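# Geometric and topological summary
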Amino acid sequence: LFVALDLDREQEVVLELYTISNALVLRKELERIQAMETRIQVQDLTPGTYFLRVTLGGRPFNSLLIIE
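In this report, we go over the structure that sits alongside the text. (Residues numbered from 1 in each chain as written. Predicted model: local features only at pLDDT ≥ 70, side-chain atom pairs only at ≥ 80, totals over all residues. Heavy atoms only, no water.)

## Brief notes about the sheet that holds strand E2 (residues 24-39)
Strand order across the open sheet formed by 4 strands is E2-E1-E3-E4, with antiparallel pairing between neighbours. A single partner strand is all that each edge strand has here, and the edge strands are E2 and strand E4 (59-67). When strand polarity is set aside, the average angle formed by the axes of neighbouring strands in this sheet is 20°. Bridge count for strand E3 (residues 48-56) against E4 is 9 bridges, and the pairing is antiparallel. Following the sheet pairing, Thr55 is matched in E4 by Pro60. (Pairing = 2+ DSSP bridges. Helix = DSSP H or I, 4+ residues; strand = E, 2+ residues; numbered from the N terminus. Axes fitted to C-alpha atoms, helices over the stretch in contact; angles between N-to-C directions.)

Structure below.
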């Protein structure tokens, strides 16, 4: 999974990956950034539905992720 952010100003960013049953699989906390690119390795995860939460400056944004 490739995640890229290009923000209009520096913000604290937290990336979290959860299972459909709300178990935390991964958490990355990034200091004040304005742009970033990162890869999250998913090949070892059990196939299923996950949620990617990206929190920018304390405001969460969620995306659905299906791993086959």
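From this point, things continue past the structure.
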